[in-house]
Amino acid sequence: MASDEHRYATARPVAAPASERRRVAPLQPRTIPERIQNGWILWEGPSVELLSDWLHAVRPSRVRASCWVAVDNQEPKSPGFGEQRWNGPFDRNAYLPALAKIEAIINGGNVPKAAKQECVGSLLETAQQQGLTCGKWMVRVMPGVADAVWADVARATVEGKLGCSAKVAGTLNEVEPLPGVLCVYVRDFGNRAELKRVLVAFQELMKKHDVKVTAGFKPDVFTHLGITKKKPQQQQQQKELEQQQKELEATPCWRARQRLAATPTVYSVNEVLHEWDV
């Protein structure tokens, strides 16, 4: 599945701690634009707004396609509970040695699968050293079912049945509704048991909506490095992608990152389900 993450804002705002959240009584109705912070709409918890009310107010069909809607796991005793956001400085230079090896191979011809795997392993090791261990399972949901699919994923995430958080892109668009990317996050890509548990739970939840989880697991470090398959869905997005390509080509080892983006995930669904003995 091609990722559409390039369409959306990536700098997620930090919600206030639960102890600092207050519900205004009576809660004043807020429009969608009033809820958006830096391209995101976050559920602030039951002390501010009931989840059912929030899900009804900000369903994907009412949110612009350039905005993310997100919830966090609210169950401290659940296996997926924990901080999803990473606020450390991203040191791109630390990843260049691994990417430079791929760049050198490109100069001579095709990149062997083993070389790609070695490069990915080095990138993940560096990400772990930096504490950037979060990643996600993804599906693309069509506009007609996005609201119902998101409601189930959001509730399951809040109740601790999935990972540490989840987000969905709005489907509202000026011309016609767009498919939305839905992501279920896992805190640590090194925890194979947790990756598999979340995948199985996610698949089971999607069955009732006839949505298949086929895309592999994508670590957030790939997004930071620009290792993302990009496929425009509108004419104006083609121009945006052309500009992004120019910016990419102005950075070190851009061809290596573009080559890795052909398959911008690290663990396939089949591998996790049938080859991992965890």
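Residues numbered from 1 in each chain as written. Predicted model: local features only at pLDDT ≥ 70, side-chain atom pairs only at ≥ 80, totals over all residues. Heavy atoms only, no water.

**Quick notes on the side chain of Thr-228**
Inspection of the secondary structure assignment puts Thr-228 in the loop between helix 7 (220–225) and helix 8 (235–249). Within the structure, Thr-228 has its side chain in polar contact with the side chain of Lys-218 (distance 3.0 Å). (Helix = DSSP H or I, 4+ residues; strand = E, 2+ residues; numbered from the N terminus. Polar contact = N/O pair within 3.5 Å; in protein donor to acceptor, adjacent residues only side chain to side chain.)

**Things to note about the nonpolar core**
Counting 66 residues, the largest nonpolar core has Trp-54, Leu-123, Trp-150, Val-153 and Phe-202 as its most contacted members. With eight residues, helix 5 (residues 143–158) is the largest single contributor of residues to this core. Excluding anything up to four places from it in sequence, Leu-123 contacts Tyr-95, Ala-98, Leu-99, Phe-222, Leu-225, Ile-227 and Leu-260. Counting eleven residues, the second-largest nonpolar core is a separate cluster that includes Leu-42, Cys-134, Met-138 and Val-181. (Core = buried A, V, L, I, M, F, W, Y, C linked by side-chain atoms within 4.5 Å. Buried < 20%, exposed > 50% of the residue type's maximum accessible area, 1.4 Å probe, protein only. Contact = heavy atoms within 4.5 Å.)

**Some details on helix 4 (residues 113–130)**
Given 3.6 residues per helical turn, the α-helix brings residues three or four places apart onto the same face. Between its terminal C-alpha atoms helix 4 stretches 26 Å, which fits the 26 Å expected from 18 residues at 1.5 Å a residue. Here helix 4 has its buried residues at Ala-115, Cys-119, Val-120, Leu-123, Leu-124, Thr-126 and Ala-127. (Expected span 1.5 Å × (residues − 1).)

**Here we look at the environment of Asn-270**
Its location among the elements puts Asn-270 in helix 10 (residues 269–274). Judged by relative accessible area, Asn-270 falls into the partly exposed class, the value being 46%. Placed 54 residues apart in sequence, Asn-270 and Gly-216 show a C-alpha to C-alpha distance of 8.6 Å.

**Here we look at the pattern of salt bridges**
Counted according to the given criterion, the structure contains eleven salt bridges. For Lys-161, the salt bridge goes to Glu-159, with nearest N and O atoms at 3.0 Å. In this structure, the salt-bridge partner of Glu-194 is Arg-197, at a minimum N-O distance of 2.7 Å. In this pair, Glu-194 and Arg-197 both sit in helix 6 (residues 192–207), three residues apart, roughly one turn of the helix. Under the relative-accessibility criterion, Glu-194 is labelled buried at 10%. Taken together, the shared-partner salt bridges in this structure form one network comprising Arg-30, Arg-35, Glu-44 and Glu-49. (Salt bridge = Lys/Arg side-chain N within 4 Å of Asp/Glu carboxyl O.)

**A closer look at the side chain of Lys-136**
With respect to the secondary-structure elements, Lys-136 resides in strand 3 (residues 135–141). Looking at Lys-136, the relative accessible area reads 1%, which means it is buried. A distance of 3.2 Å separates polar atoms of two side chains, one belonging to Lys-136 and the other to Thr-223.

**A look at the packing of helix 5 against helix 6**
Remark: helix 5 packs on helix 6, axes separated minimally by 10 Å, with the N-to-C direction vectors making an angle of 145 degrees. The two elements helix 5 and helix 6 meet at a crossing, and its hand is right-handed. Contacts between helix 5 and helix 6 involve Val-149, Asp-152, Val-153 and Ala-156 on the former and, on the latter, Phe-202, Leu-205 and Met-206. (Axes fitted to C-alpha atoms, helices over the stretch in contact; angles between N-to-C directions. Left-handed = near helix turned anticlockwise from the far one by under 90°.)

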